[in-house]
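# Observations on the model geometry
Spelled out from the first residue to the last, the chains are:
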Amino acid sequence: MTVATAGHPTPAHPEPAGVDNRLVVGGAMLTWRSLLLPTLPDPTAVLAHSALHALTAARQHAVHGTELLLSTASRVDAQLRTELREAGFTVSVLDDEGVHPSAPDRPRAAEPGRLWLLTSGSTGRPKRVGHTLGTLTTVRGDQPDRTWLCPYAPGTYAWWQVVTLSLTQPGQHLVVVEPDELDDWPTVAAAHGVDAASGTPTFWRRTLYRDAAALARVPLRQITLGGEPVDQAILDQLRDVFPTARISWIYASSEVGASIVVHDGRAGFPVDWLDRETPGRPTLSVRDDELVVTSPYHGAGLAGPIRTGDRVQVLDGRVLITGRLDSDEINVGGSKVSAGVVRGVLAGHPAVAWARVTGRRAPVLGRMVVAEVVLVPADPADEAALVRWCVDRLPEHAVPRRIRVLTEIPVKETLKSDV
């Protein structure tokens, strides 16, 4: 990488505490300190060409406080680039040749220390949510030394969570995998001693489906899941492979930050956590089946109780997040069905590696429940067997009427699969 530091002003902040942590990225072994910092406009929206370029932009922000929105070119289309320039950002493509800026349409003064995240766009076009390194750094206090895997797309909330941990905590090393390395990440992780990894449930399901034996060779002591609803099946599958590892589920979003952390190996969180007020910690509530969070880590301009848009169900003393409000509920002839609950039942079948449940228009009923599944190669099942499984565990109106078998677990750049 040839971007240089020439012309930079004196650093606005001291070097972060994790500056000497190891980084493995693009096959190279580095440290945060050894990264060559780009000279960036202020404010800027950086479209990183690779994981390495994204890391240099993150350290540049930590040292200089440049107002920064960080993403990849594939997540920012032409319309969004125009919107960013109209909002006063210089849109800067960052690659091996340096910084390639497109000037803002409406220049403005920078807001020092501001970090902007793009939401995943699950409810429409991505929108900007403002943070700082402080609000993104939610892991504080002494941590055991770890070598973390970072599989996330640069600039996403989950990416920043792993990156800020490594930037701010000595002993938190980082192995970053590019999108073209994802299918073979266990080999990379085992070679570099990765003992902690964070990923979406889809990420973990896909890895188990492709090569569970390779995954088992990674010496994981910490496994973290987040970004999508987490069901008991994936937690149990990971426990079977890693019986001594700590398995954590984290509920987090760009709007409310990291709000729920569960380590007990059970889906959801205890119902007695609801409406519990503790200084410095988020308060969790449920209103009209929707999770509501009041968080000290919320984005800029947000305060007080924030409706998350996530649907919840209280079952057996646990609060389960079943999916997005606008897509989880299926109305079948006047009876409400949770797509997430049906998905959890299907995922519990030993032959199912992944499942997605939706509603489809149907005569008389208005909607009917349908599903897509990916089956475990060594333990196939036919549609009739899966329907019988659901009949034994669901009310009649919630049983899928069509089950389509896919050959591969679908995944987006965000490591999610629209479940």
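See the structure shown above.
Residues numbered from 1 in each chain as written. Predicted model: local features only at pLDDT ≥ 70, side-chain atom pairs only at ≥ 80, totals over all residues. Heavy atoms only, no water.

## Concerning the sheet that holds strand S8 (residues 128–131)
Within a sheet, neighbouring strands are paired by backbone hydrogen bonds and run either parallel or antiparallel to one another. Strand order in the open sheet made by the six strands is S6-S5-S3-S4-S7-S8, with mixed pairing throughout. Sheet topology places strand S6 (98–102) and S8 at the edges, where each strand pairs with a single neighbour. Across this sheet, the average inter-strand angle for adjacent strands is 30 degrees, counted without regard to direction. Summarising the sheet, strand S5 (residues 90–95) and S6 pair through five bridges and their orientation is antiparallel. When the bridges of S6 are listed, Val 93 appears paired with His 100. Along the sheet face, helix H2 (residues 78–86) touches strand S3 (44–48), strand S4 (68–72), S5, S6, strand S7 (115–118) and S8 and points at about 125 degrees away from the line of S5. (Pairing = 2+ DSSP bridges. Helix = DSSP H or I, 4+ residues; strand = E, 2+ residues; numbered from the N terminus. Axes fitted to C-alpha atoms, helices over the stretch in contact; angles between N-to-C directions. Contact = heavy atoms within 4.5 Å.)

## Quick word on the packing of aromatic side chains
Taken as a whole, this structure holds six aromatic pairs when the rule is applied. Here Trp 185 and Phe 203 contribute two aromatic rings whose centre-to-centre distance is 5.1 Å and whose plane-to-plane angle is 20 degrees, an arrangement assigned as stacked. Of this pair, Trp 185 sits in helix H5 (residues 185–191) while Phe 203 is found in helix H6 (residues 201–216), placing the two residues 18 residues apart along the sequence. Accessibility expressed as a relative area gives 0% for Trp 185, which makes it buried. A relative accessible area of 5% means that Phe 203 is categorised as buried. Members of the aromatic cluster, each reached through a chain of ring pairs, are Trp 185, Phe 203 and Trp 204. (Phe/Tyr/Trp six-rings, centres within 6.5 Å; stacked < 30°, edge-to-face > 60°. Buried < 20%, exposed > 50% of the residue type's maximum accessible area, 1.4 Å probe, protein only.)

## Things to note about the environment of Val 175
Relative to the helices and strands, Val 175 resides in strand S10 (residues 172–176). Distance in space between the C-alpha atoms of Val 175 and Ile 223 is 15 Å, their sequence separation being 48 residues. Setting aside anything within four residues of it in sequence, one finds Val 175 in contact with Val 24, Thr 147, Trp 148, Leu 149, Cys 150, Val 188, His 192 and Val 194.

## A word on the nonpolar core
In terms of nonpolar packing, the biggest core is built from 75 residues, with Leu 55, Trp 159, Trp 160, Leu 174 and Trp 204 touching the most fellow members. If we ignore the near neighbours within four places in the chain, the residues touching Trp 204 are Trp 185, Ala 197, Gly 199, Leu 215, Leu 220, Ile 223, Thr 224, Leu 225, Ile 234 and Leu 238. Residues Val 357, Val 369, Ala 371 and Ala 385 belong to the second largest nonpolar core, which totals 24 residues. (Core = buried A, V, L, I, M, F, W, Y, C linked by side-chain atoms within 4.5 Å.)

## Thoughts on the packing of helix H1 (residues 51–64) against helix H4 (residues 157–168)
H4 packs onto H1 with a crossing angle of 60 degrees between their chain directions and a minimal axis gap of 11 Å. Classified by the angle their axes make, H1 and H4 are oblique. Note on packing geometry: the crossing formed by H1 with H4 is right-handed. From H1, Ala 54, Leu 55, Ala 58 and Ala 62 reach across to H4, where they touch Trp 159, Trp 160, Val 163 and Leu 167. (Parallel < 35°, antiparallel > 145°, perpendicular 65-115°, else oblique. Left-handed = near helix turned anticlockwise from the far one by under 90°.)

## Comments concerning H2
Taken residue by residue, H2 has Leu 80, Leu 84 and Arg 85 as its buried positions. Angular distribution of buried residues about the axis of H2 spans 140 degrees; they occupy a single face of the element. Where the residues of H2 are buried, they touch S3, S4, S5, S6, S7 and S8. After H2 finishes, the residue Gly 88 shows a positive phi value of roughly 95 degrees. (Arc of directions from axis to C-beta.)

## Focus: the pattern of salt bridges
Scanning the model with the defined rule gives 21 salt bridges in all. Between Arg 221 and Asp 195 there is a salt bridge, with the nearest N and O atoms lying 2.4 Å from each other. Of this pair, Arg 221 sits in the loop between H6 and strand S12 (222–226) while Asp 195 is found in the loop between H5 and strand S11 (196–199), placing the two residues 26 residues apart along the sequence. Look at Asp 195 and you get buried, because its relative accessible area is 9%. Within the structure, one salt-bridge network assembled from shared partners comprises Asp 183, Arg 206, Arg 210 and Glu 408. (Salt bridge = Lys/Arg side-chain N within 4 Å of Asp/Glu carboxyl O.)

## Points about the side chain of Arg 146
Assignment of secondary structure puts Arg 146 in strand S9 (residues 146–150). Despite its burial, Arg 146 pairs with no opposite charge, the nearest such side chain being Asp 195 at 4.4 Å. Contact partners of Arg 146, with chain neighbours within four places excluded, come to Gly 171, Gln 172, His 173, Asp 195, Ala 196, Arg 221 and Gln 222. (Lys, Arg positive; Asp, Glu negative; His and termini not counted.)

These figures capture arrangement, not role.
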